[in-house]
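# Secondary and tertiary structure notes
Residues per chain, in single letters:
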Amino acid sequence: LAMRFEWRFAISAIIANLHDVIIILGFFALFQWEFSLPVLAAVLAILGYSVNESVVVFDRVRETFRNRKMRNLTVAQILDHAITATMSRTIITHGCTQLMVCAMLILGGETLFYFALALTIGILFGIYSSVLVASPIVMWLGVSREDLARPEVQKKPGESGAVV
C-alpha cells in the first residue's frame with residue numbers, strides 16, 4: 001500500500017488489520033472458544049478481506065483527489081465521498097459472503113463451527129474497521145491532495161496544448 005498509494009495509507013491499513021485480528025482473538029479469548037488451524041485460516045481470510053476493502057476505499061480517495069471537479073473539497077469531505085461511493089459495493093460483497101458463512105455456521109457441523117464463527121466476527125468488524133478506523137487514521141496522519149494528485153502544469157500564454 002505504501003508503494004501504491006502513500007505511507008500514511010499503509011500505516012492506517014496496518015492498524016485497521018490489527019484491529020480486526022485483535023477483535024477476533026479477543027472474542028475467542030473472552031469466551032474461551034477453541035482456537036485451531038481452521039480458525040487461523042479464517043483470521044488470515046479476514047486479513048485479506050480487510051486489505052482489499054481498504055484498497056478499494058483508498059483507491060476511490062486517490063481518484064477523488066485527482067478529480068478536477070472536486071478540487072474544492074476538504075480531506076474529510078473526500079474521505080466521506082470515497083466511503084459513500086464504495087458503501088453499496090461493500091454491503092453487497094460482505095452480505096453475500098456472510099450468507100455463505102451463515103450456511104456454514106448453521107449447517108457445517110462441529111468441524112466448521114469455529115471457522116465460520118471467526119469469519120462472521122471478522123466480516124462484521126472488517127467492514128467497520130475499513131471504513132471507520134482506516135479512513136480517520138489516514139486523515140489524522142495528515143494526508144493531503146498534494147500527496148496523491150499530480151500537480152497542475154501551468155501553460156505559458158500563447159502556448160498550445162499540442163504535444164510535439
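What counts and how
Residues numbered from 1 in each chain as written. Predicted model: local features only at pLDDT ≥ 70, side-chain atom pairs only at ≥ 80, totals over all residues. Heavy atoms only, no water. Phe/Tyr/Trp six-rings, centres within 6.5 Å; stacked < 30°, edge-to-face > 60°. Buried < 20%, exposed > 50% of the residue type's maximum accessible area, 1.4 Å probe, protein only. Salt bridge = Lys/Arg side-chain N within 4 Å of Asp/Glu carboxyl O. Helix = DSSP H or I, 4+ residues; strand = E, 2+ residues; numbered from the N terminus. Lys, Arg positive; Asp, Glu negative; His and termini not counted. Contact = heavy atoms within 4.5 Å. Patch = residues over 30% accessible without salt bridge, like charges linked within 9 Å, V, L, I, M, F, W, Y side chains within 5 Å. Areas by Shrake-Rupley, 256 points an atom, 1.4 Å probe, with all protein chains shown as cover. Core = buried A, V, L, I, M, F, W, Y, C linked by side-chain atoms within 4.5 Å. Axes fitted to C-alpha atoms, helices over the stretch in contact; angles between N-to-C directions. Parallel < 35°, antiparallel > 145°, perpendicular 65-115°, else oblique. Left-handed = near helix turned anticlockwise from the far one by under 90°. Nonpolar A, V, L, I, M, F, W, Y, C, P; charged D, E, K, R; others polar.

### Let's talk about the packing of aromatic side chains
Inspection of the entire model under this criterion finds 11 aromatic pairs. Here the aromatic rings of F5 and F9 are separated by 5.7 Å at their centres, their planes lie at 45°, and the arrangement is tilted. Accessibility classification places F5 together with F9 in one group, the buried group. A centroid spacing of 6.1 Å and a plane angle of 90° characterise the contact between F28 and F35, whose relative ring orientation is edge-to-face. An aromatic cluster of at least three residues, connected via ring pairs, comprises F27, F28, F31, W33, F35, F113, Y114, F125 and Y128.

### A word on the pattern of salt bridges
This model, assessed by the stated rule, comprises five salt bridges. The salt bridge involving E6 is made with R8; its shortest N-O contact spans 2.9 Å. An identical accessibility class is assigned to E6 and R8; each is buried. R60 is paired through a salt bridge with E63; the nearest N and O atoms lie 3.7 Å apart. Taken together, the residues span about one helical turn, with R60 and E63 both in helix α2 (residues 37-66) at a distance of three residues. Judged by its relative accessible area of 27%, R60 is partly exposed. Using a relative accessible area of 48% as the deciding quantity, one classes E63 as partly exposed.

### A look at the side chain of D20
Structurally, the position occupied by D20 is in helix α1 (residues 7-30). The side chain of D20 is buried and forms no salt bridge, while R89, the nearest opposite charge, is found at 13 Å. Excluding residues within four positions of it along the chain, D20 makes contact with I46, S50, F125, G126 and S129.

### Some words on a nonpolar patch on the surface
Taken together, the side chains of L25, F35, L37, L40 and L44 define a hydrophobic patch exposed on the protein surface, amounting to about 490 Å² of accessible area. It is α2 that provides the largest number of residues to the nonpolar patch, a total of three residues. In this structure, L40 sits in helix α2.

### Looking at the environment of L105
One can find L105 in helix α3 (residues 75-107). For the pair formed by L105 and L141, sequence separation is 36 residues and the distance between their alpha carbons is 39 Å. The residues contacting L105, other than those within four sequence positions of it, are F113, A116, L117 and T120.

### Points about the nonpolar core
Counting residues in each nonpolar core, the largest one holds 19 residues, and the members touching the most others are F9, V57, F58, V61, F65, V138 and L148. Those elements giving two or more residues to this core turn out to be α1, α2, α3 and α5 (134-140). Aside from chain neighbours lying at most four places away, what touches V61 is F9, I78, L79, A82 and L148. Within the second largest apolar cluster, 15 residues are counted, among which are F28, V43, I46 and A116.

### Description of the packing of α2 against helix α4 (residues 109-132)
Two elements in contact, α2 and α4, have axes whose closest approach is 9 Å; the angle formed by their N-to-C orientations is 20°. By the angle between their axes, α2 is roughly parallel relative to α4. Note that α2 runs across α4; the crossing there is right-handed. Residue-level inspection shows P38, V39, A41, A42, A45, I46, S50, E53 and S54 of α2 in contact with α4, the latter providing Y114, F115, A118, L119, G122, I123, S129 and S130. Looking at side-chain class alone, the contact of α2 with α4 contains 11 nonpolar, five polar and one charged residues.

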